[in-house]
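Residue-level structural notes
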Amino acid sequence: MASLSFFQIVWIMVLVNFPTGTIGDKVNIGVSYPRFPPDVPSLPQEIIDLYKKYGIGKIRIPPIPDVLEALRGSDIDVALGIPNEDVETMATNFDFATFWYTQFIEPYVHDVKFTFMIVGNEAIPGERGSFVSPAMRNLQTVLDNNGLGSSIHVTTAVSTNVLDFTIPPSAAEFTIEALNEGLDKVVEFLQYVASNVLMVNVYPYYDYAADPANIRLDFAQFTANEAVIVDDTLNYTNLFDATLDAFFWALERANGSDVRLAVAETGWPTAGNGNVTTTALASTYNNNLVKHVVNYNGTPKKPGQGGLDAFIFSLFDENTDPDMGRRNFGIFNSNLEPAYPLFSANGNKHF
Ligand SMILES: *[C@@H]1O[C@H](CO)[C@@H](O)[C@H](O)[C@H]1NC(C)=O
Ligand SMILES: *[C@@H]1O[C@H](CO)[C@@H](O)[C@H](O)[C@H]1NC(C)=O
Ligand SMILES: *[C@@H]1O[C@H](CO)[C@@H](O)[C@H](O)[C@H]1NC(C)=O
């Protein structure tokens, strides 16, 4: 039996998910558990208590037993990641999929509400990509055998790197590389299963930071008052929706017209890249994002589609991430105080 690498990929994400147009007592923000253990400022229970204090209703986590223990009875929806390192084994060894279920799902399933199993993060394209869909199928079979196949979405997360481009959305396709390295089979699987959600990592920040001369800041931050991109009959006031529609067009072209989307990661850093990364800009983006998700009623291409699951990256700054560009996305400081106003303690009043 392969050993599990708990700490190699460690996320807890800020998840925002509301029924269409309604405002609950809590804001469902998922929080990324710091991925590098020395950087964890608090015990899992303290972090889960932070979720409760701020009415955070959903969480994206790695398979860490202490975190799962802390989630018992919490009424927080849980998206659980299968680390990239485990995807090949899960694909090639059905017993490992069963083992994984008995380690991380079965002991908790009666008092932890699992909503997503994310099989690999940005594993496609890449050398592990072809193992993603067989791993998803094995896990789906295990869940089906235990009566959980329709209540838990088996998915994987991809970035916009799998698209050739995103503007105009109607011209977007998946890259040949991504399709050949596993995405074609993932789409085939998702088109077939009932719980058909593809998770996508959507960062208007990176698009803007890479090309500030051509991408408008207000388009990236949900503050434009008029259409910035007119794509035939579809008008876009924000890059977030344009990116989702680029995925929808690409899915259609890959025979995945029934596949829905959820946002596995989005966010804006407070520092690290000059005047493009300030607390003010991060606050504007994430506050507008939450409003957008609260009021979400589909995209221009797919209007009236109901709620959207979206996770904000991240709970804390992750100062030991070797990728410097991912260090400053935290919405809370390590003393558990907000980095800027986003969610209110003891009930959300912002929306
Ligand atoms: C889209 O924008 C164009 C140009 O601004 C405008 O003429 C058109 O009425 C808009 N369409 C919709 C559906 O809002
Ligand atoms: C979509 O389906 C058609 C018809 O079965 C097939 O020829 C085509 O290769 C498929 N496209 C992709 C990207 O899988
Ligand atoms: C950052 O500074 C440059 C140079 O002064 C300026 O052109 C740009 O608009 C600034 N960007 C933001 C987001 O403030």
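Scroll up to find the structure.
Attention here is on the structure that accompanies the text. All values derive from a computational prediction rather than experimental measurement.

Helix and strand counts for the protein come out as 10 helices and 10 strands. Taken over 351 residues, the protein has a buried fraction of 58%. Summing over all exposed atoms, the protein offers an accessible surface of approximately 13,600 Å²; the carbon and sulfur share of this is 47%.

Counted residue by residue, strand β6 (residues 197–201) has 5 buried out of 5 residues, so it is predominantly covered. Residues of β6 alternate between two faces, with Val 197, Met 199 and Asn 201 on one and Leu 198 and Val 200 on the opposite face, all of them buried. Relative to β6, strand β5 (residues 153–159) is paired through 3 bridges, and the arrangement is parallel. Bridge pairing links Val 158 to Val 200 in β6. Remark: the β5/helix α6 (residues 176–192)/β6 crossover connection has right-handed handedness. Here β6 pairs with strand β9 (residues 260–266) via 5 bridges, running parallel. Looking across to β9, one finds that Val 200 is bridged to Val 263.

For β9, the tally of buried residues reaches 6 of 7 residues, placing the bulk of the element in the interior. In this sheet, strand β10 (residues 310–312) lies alongside β9 in parallel orientation, the contact comprising 2 bridges. Paired with Thr 266 across the two strands is Ile 312, which belongs to β10. With helix α10 (residues 279–294) bridging β9 and the parallel β10, this β-α-β connection has right-handed handedness.

Close to ligand 2 lie Arg 253, Ala 254 and Asn 255, which account for all nearby residues. Protein contact buries 31% of the 360 Å² of open area that ligand 2 shows by itself.

With that settled, consider the pattern of salt bridges. Counted under the stated rule, the structure contains 12 salt bridges. The salt bridge involving Asp 111 is made with Arg 72; its shortest N-O contact spans 2.9 Å. Residue Asp 111 is located in the loop between α4 (94–104) and β4 (113–121), and its partner Arg 72 is located in the loop between α2 (65–71) and β3 (77–82); the two are separated by 39 residues in the primary sequence. Residue classification places Arg 72 among the partly exposed residues on the basis of a relative accessible area of 28%. Measuring nitrogen to oxygen at the nearest pair gives 3.3 Å for the salt bridge that ties Asp 77 to Lys 113. On the criterion of sequence distance, the pair formed by Asp 77 in strand β3 and Lys 113 in strand β4 is long-range, its members being 36 residues apart. The exposure class assigned to Lys 113 is partly exposed, which follows from its relative accessible area of 49%. Members of the salt-bridge network, linked through shared partners, are Lys 58, Asp 77, Lys 113 and Asp 309.

This brings us to the packing of α4 against helix α5 (residues 132–145). Relative orientation of the contacting elements α4 and α5 amounts to 55°, with a least axis distance of 9 Å. If you check the angle between α4 and α5, you find them oblique. Handedness of the α4/α5 crossing: right-handed. Of the residues in α5, those in contact with Phe 94, Ala 97, Thr 98 and Tyr 101 of α4 are Asn 138, Leu 139, Thr 141, Val 142, Leu 143 and Asn 145. Per-class residue counts for the contact of α4 with α5 are 6 nonpolar, 4 polar and no charged.

All right, on to the site of ligand 3 then. Around ligand 3 sit Tyr 208, Leu 217 and Asn 275, and those are all the residues in its vicinity. The side chain of Asn 275 places a nitrogen or oxygen atom 2.3 Å from an oxygen atom of ligand 3. Protein contact buries 32% of the 360 Å² of open area that ligand 3 shows by itself.

Moving on: helix α9 (residues 239–253). Between its first and last C-alpha, α9 extends 21 Å over 15 residues, near the 21 Å set by a 1.5 Å rise per residue. Where burial is concerned, most of α9 is hidden: 12 out of the 15 residues are buried. Buried within α9 we find Leu 239, Phe 240, Asp 241, Ala 242, Thr 243, Leu 244, Asp 245, Ala 246, Phe 247, Phe 248, Ala 250 and Leu 251. The first or second residue beyond α9 is Asn 255, which carries a positive phi of 65°.

Here Asn 84 is to be found in helix α3 (residues 84–92). Polar contacts involving the side chain of Asn 84 include one to the main-chain amide nitrogen of Asn 121, which spans 2.7 Å.

Further remarks concern the nonpolar core. With 104 residues, the main nonpolar core has Phe 114, Met 117, Phe 174 and Leu 183 as its most contacted residues. In this structure Phe 174 touches Val 162, Leu 163, Leu 179, Leu 183, Val 187, Phe 247, Ala 250, Leu 251 and Ala 254, once residues within four positions along its chain are discounted. With 9 residues, the next largest nonpolar core counts Ala 79, Ile 118, Val 197 and Ala 264 among its residues.

The N-to-C vectors of α5 and α6 enclose an angle of 30°; their axes lie 8 Å apart at closest approach. When the axis of α5 is compared with that of α6, the two are roughly parallel. Residues Val 132, Ser 133, Met 136, Arg 137 and Gln 140 of α5 lie in contact with α6, whose contacting residues are Lys 185, Val 186, Glu 188, Phe 189 and Leu 190.

Cut-off values and rules
- Residues numbered from 1 in each chain as written.
- Chains lettered and ligands numbered in written order.
- Predicted model: local features only at pLDDT ≥ 70, side-chain atom pairs only at ≥ 80, totals over all residues.
- Heavy atoms only, no water.
- Helix = DSSP H or I, 4+ residues; strand = E, 2+ residues; numbered from the N terminus.
- Buried < 20%, exposed > 50% of the residue type's maximum accessible area, 1.4 Å probe, protein only.
- Areas by Shrake-Rupley, 256 points an atom, 1.4 Å probe, with all protein chains shown as cover.
- Pairing = 2+ DSSP bridges.
- Right-handed = clockwise from strand over helix to strand, strands pointing away.
- Near = heavy atom within 4 Å.
- Salt bridge = Lys/Arg side-chain N within 4 Å of Asp/Glu carboxyl O.
- Axes fitted to C-alpha atoms, helices over the stretch in contact; angles between N-to-C directions.
- Parallel < 35°, antiparallel > 145°, perpendicular 65-115°, else oblique.
- Left-handed = near helix turned anticlockwise from the far one by under 90°.
- Contact = heavy atoms within 4.5 Å.
- Nonpolar A, V, L, I, M, F, W, Y, C, P; charged D, E, K, R; others polar.
- Polar contact = N/O pair within 3.5 Å; in protein donor to acceptor, adjacent residues only side chain to side chain.
- Expected span 1.5 Å × (residues − 1).
- Core = buried A, V, L, I, M, F, W, Y, C linked by side-chain atoms within 4.5 Å.

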